[in-house]
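# Notes for the structure review
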Amino acid sequence: MAKVELKGISKVYDGVVRAVDNVDIVVNDKEFVVFVGPSGCGKSTTLRMIAGLEDITEGELLIDGELMNDVPPKDRNIAMVFQNYALYPHMTVYENMAFGLRIKKFSKDEINSRVHEAARILDIEKFLERKPKALSGGQRQRVAVGRAIVRYPKVFLFDEPLSNLDAKLRVQMRAEISRLHHRLDATMIYVTHDQVEAMTMADKIVVYKDGKIQQTGSPLQLYNYPENKFVAGFIGSPPMNFLTVTVLEEDGGIVIDEGGFRLTVDAKYAEHLKKYVGKELFFGIRPEDLLLSADAEAANSIPLTVSVVEPLGADTTLWLNTKTQTMVARTEPSRNFSVDETLHFVPRMEKARYFDKETELAILPREVSG
Ligand code: ADP
């Protein structure tokens, strides 16, 4: 299979729109890499440059060490699966899958064998004689994937392939694509705006914003050690809470003051926050790191008023208010909650993250934040 390297790649549309700005990415052989970020951040443009569907304005694209910038798409040995499937409506499933191989003048036997093999892997053998309009969305999606598989490409590219499916089918297809990745042992690059897809499928996630890479890492690296406030807020659902707080020195220790309450900073962070004494920063805490406490007097206990209760079965999401700010907590569904009641929570301070108010960069170095 293949290794894909992007070195200082940029895309400038019409001489002005810098859609992708100086990105460095290494996709290792057999790796499943997901590009994730909000709409318009440059993910698809990056994928299309890898496919050869867009010219590269600056930088180098290498596949297995070979420069690909000027190699036409058909010679890159890459297969792309599109969001809208791009199936030919007048052809059967079999013909749709065979088409690319016919163009390349493969023998009838070879085509037949590859189409049946892919159909078997994707469990669509019984649909081979149907036209796309006689298939469900999920089945069409499989045909689109099948068309990529039959080519035995070095690299698979997926551009938001599940966004036209309903929520349940999306979850199912997500698992199918992951299984396919293991079964084919293939290098795959996958674009999505959905952080849950990124977290569940990726070996490595590349988080984009405004054409720039914010952070690259494994799902849990990004979740546990976000390098900036954007990544911290983008990865995880419900998202991390951010409170604007003031850092103070109290009895020789470091505390943060929210206005409505004070929290003692975990000892391992205190040294790093000393230089912020008297200044504001963002205190970040994930919804599952707010622990419901029966003891209002417990250390670091904070009073929060319930504004919305969302019972999800396995857990309950609570939307909460401090005096001036909002928070969200994920709690066990062990009891009923009422709107306007005041609850006490103790944040797991060792899990808290802190972000500079100006740069929004995580304040603590990774080795300390473990
Ligand atoms: P994403 O896939 O993350 O949603 P895109 O890569 O499609 O984002 O787009 C990145 C930026 O480039 C957007 O601002 C978009 O409007 C712009 N863009 C995309 N295609 C073109 C084009 N053909 N001409 C001009 N601007 C474009």
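Keep in mind the model is a prediction, meaning the values are calculated, not measured.

## Describing the overall build of the chain
- Helices and strands together make up the secondary structure of the chain, namely ten helices and 20 strands.
- With the principal axes as the frame, the chain shows a C-alpha extent of 80 × 45 × 35 Å.
- Taking as baseline every contact in the chain between residues at least 6 positions apart, the subset at least 24 positions apart corresponds to 67%.
- Surface accessibility of the chain: about 17,400 Å² in total, with carbon and sulfur atoms responsible for 48%.

## A word on the site of the ligand
- The environment of the ligand is formed by Y13, D14, A19, P38, S39, G40, C41, G42, K43, S44 and T45.
- At a separation of 3.0 Å, an oxygen atom of the ligand approaches a polar backbone atom of G42.
- The contact in question runs from an oxygen atom of the ligand to an N or O atom on the side chain of K43, over 3.0 Å.
- For the ligand, whose free accessible area comes to 570 Å², the fraction covered by protein is 60%.
- Element by element, the count of residues in the shell around the ligand is highest for helix α1 (residues 43-51), at three residues.

## Structural notes on the packing of aromatic side chains
- Tallying each qualifying case throughout the model produces nine aromatic pairs.
- Each ring, one from F32 and one from Y190, has its centre 5.8 Å from the other, and the planes form 40 degrees; the classification is tilted. With a gap of 158 residues between them, F32 in strand β3 (residues 32-36) and Y190 in strand β8 (residues 187-192) connect regions that are remote in the sequence. Exposure class is identical for F32 and Y190. Each is buried.
- Within the aromatic cluster, the residues linked to one another by ring pairs are F32, F156, F158 and Y190.
- Over the aromatic face of F242 sits the side chain of K229, whose NZ or CZ is 4.9 Å from the ring centroid.
- Between R286 and the ring centre of Y223, over which it is positioned, the NZ or CZ distance is 3.8 Å.

## A short note on the sheet that holds strand β15 (residues 290-293)
- Pairing is antiparallel in the open sheet, where five strands are placed in the order β15-β19-β16-β17-β18. The two strands at the open ends of the sheet, each matched to only one other strand, are β15 and β18 (326-331). Across the sheet, the mean angle from the axis of one strand to that of its neighbour is 50 degrees, orientation sign disregarded.
- Two elements, strand β17 (residues 316-321) and β18, share six bridges in a ladder whose sense is antiparallel. Looking at β18, one finds that L318 is bridged to A329.

## Regarding the pattern of salt bridges
- Counted by the stated rule, this structure contains 17 salt bridges.
- Of the charged contacts in the structure, one is a salt bridge between E271 and K274, with a shortest N-O distance of 3.7 Å.
- The shortest N-O distance in the salt bridge between E280 and K357 comes to 2.9 Å. With a gap of 77 residues between them, E280 in strand β14 (residues 280-285) and K357 in the loop between β20 (353-356) and α10 (366-369) connect regions that are remote in the sequence.
- Here the salt bridges do not stand alone but share partners, grouping R18, D21, E58 and K212 into one network.

## Quick word on the environment of F282
- Structurally, the position occupied by F282 is in strand β14.
- The buried category is assigned to F282, whose relative accessible area is 12%.
- Spatially, the C-alpha atoms of F282 and D356 are 6.5 Å apart, while their sequence positions differ by 74 residues.
- When sequence neighbours within four positions are dropped, the list of residues in contact with F282 reads K229, L243, T244, R353, Y354, F355, D356, K357 and E360.

## Some words on the layout of surface pockets
- What the largest pocket holds in volume is close to 590 Å³.
- Along the wall of the largest pocket there are 21 residues; nearest its centre are I78, A79, M80, G100 and R151.
- Listed by contribution, the elements that provide at least two residues to the lining of the largest pocket are β6 (78-81), α2 (93-103) and α4 (137-149).

## Section: the packing of α4 against helix α5 (residues 167-184)
- For the pair α4 and α5, interaxial distance at closest approach is 11 Å and the crossing angle is 20 degrees. Comparing their axes, α5 and α4 come out roughly parallel. Handedness of the crossing formed by α4 with α5: right-handed. For the pair formed by α4 and α5, the contact residues are G138, Q141, R142, V145 and I149 on the first element and L169, Q172, M173, E176, L180 and L184 on the second.
- In terms of residue class, the contact of α4 with α5 is made up of six nonpolar, three polar and two charged.

## Observations regarding the nonpolar core
- Within the largest apolar cluster, 49 residues are counted, with the highest numbers of intra-cluster contacts made by M97, V115, I124, F158, Y190 and V207.
- Considering every element that reaches this core, the biggest residue donor is helix α3 (residues 108-122), with six residues.
- Formed by 31 residues, the second largest nonpolar core is a distinct cluster that contains V306, M327, A329 and L343.

## Side note on the pairing of strand β4 (residues 58-63)
- For strand β1 (residues 4-13) and β4, the ladder comprises five bridges, and the chain directions are antiparallel. Bridge pairing in β4 links V4 to I63.
- Counting the residues in the hairpin turn of β4 and strand β5 (residues 66-67) gives two residues, including D64, whose phi is positive at 50 degrees.

Here is what the cut-offs are and how they apply
Along each chain, the written sequence defines residue order, and numbers are assigned to residues from 1. Where totals are concerned, whole chains, interfaces and linings use all residues; where local detail is concerned, this predicted model gives features only for residues with pLDDT of at least 70, and gives and counts side-chain atom pairs only at 80 or more. To get the side-chain values, take all heavy atoms of the structure and skip hydrogens and water. Here a strand is any run of E in DSSP of at least two residues, a helix any run of H or I of at least four, and the numbering for each starts at the N terminus. Note on contacts: a residue pair qualifies if any of its non-hydrogen atoms lie within 4.5 Å across the two residues. Using the Shrake-Rupley algorithm and a 1.4 Å probe, accessible areas are obtained, with residue cover drawn only from the displayed protein chains. Here a residue is near a molecule or strand as soon as one of its heavy atoms is found within 4 Å of it. Think of a polar contact as two N or O atoms within 3.5 Å of one another; within protein, one of them needs to be a possible hydrogen donor and the other a possible acceptor, and neighboring residues in sequence only count if both atoms come from side chains. Each Phe, Tyr or Trp ring (for Trp, its six-membered ring) is paired with any other whose centre lies within 6.5 Å, and the angle between the two planes then decides the class: stacked below 30 degrees, edge-to-face above 60, tilted in between. Whether a residue is buried, partly exposed or exposed follows from its accessible area with a 1.4 Å probe, protein chains only, as a fraction of its type maximum: under 20%, in between, or over 50%, in that order. In this scheme, Lys NZ or Arg CZ marks a charge over a ring once it lies within 6 Å of the ring centre and within 35 degrees of the ring normal. At least two DSSP bridges between two strands are required for those strands to pair. Angles run from 0 to 180 degrees between N-to-C directions of axes, and those axes are lines fitted to C-alpha atoms, restricted for helices to the stretch in contact. Throughout this description, the term salt bridge denotes a Lys or Arg side-chain nitrogen within 4 Å of a carboxyl oxygen of Asp or Glu. Here a cavity denotes a set of grid points, spaced 1 Å apart and computed over the protein atoms alone, in which a 1.4 Å probe fits but from which it cannot get out, and a pocket denotes an open set meeting protein on both sides within 12 Å along at least five of seven lines; residues with an atom within 4 Å of a point are reported as lining. Grid points are joined across faces, edges and corners, and a volume is the space filled by probe spheres set on the points. Any angle from 65 to 115 degrees is called roughly perpendicular, while one under 35 is roughly parallel, one over 145 is roughly antiparallel, and all others are oblique. We call a crossing left-handed when the near helix sits turned anticlockwise from the far one by less than a right angle, and right-handed when that turn is clockwise. The classification used treats Ala, Val, Leu, Ile, Met, Phe, Trp, Tyr, Cys and Pro as nonpolar, Asp, Glu, Lys and Arg as charged, and all other residues, Gly among them, as polar. Nonpolar cores are built from buried Ala, Val, Leu, Ile, Met, Phe, Trp, Tyr and Cys residues. Side-chain atoms within 4.5 Å join them into one set.

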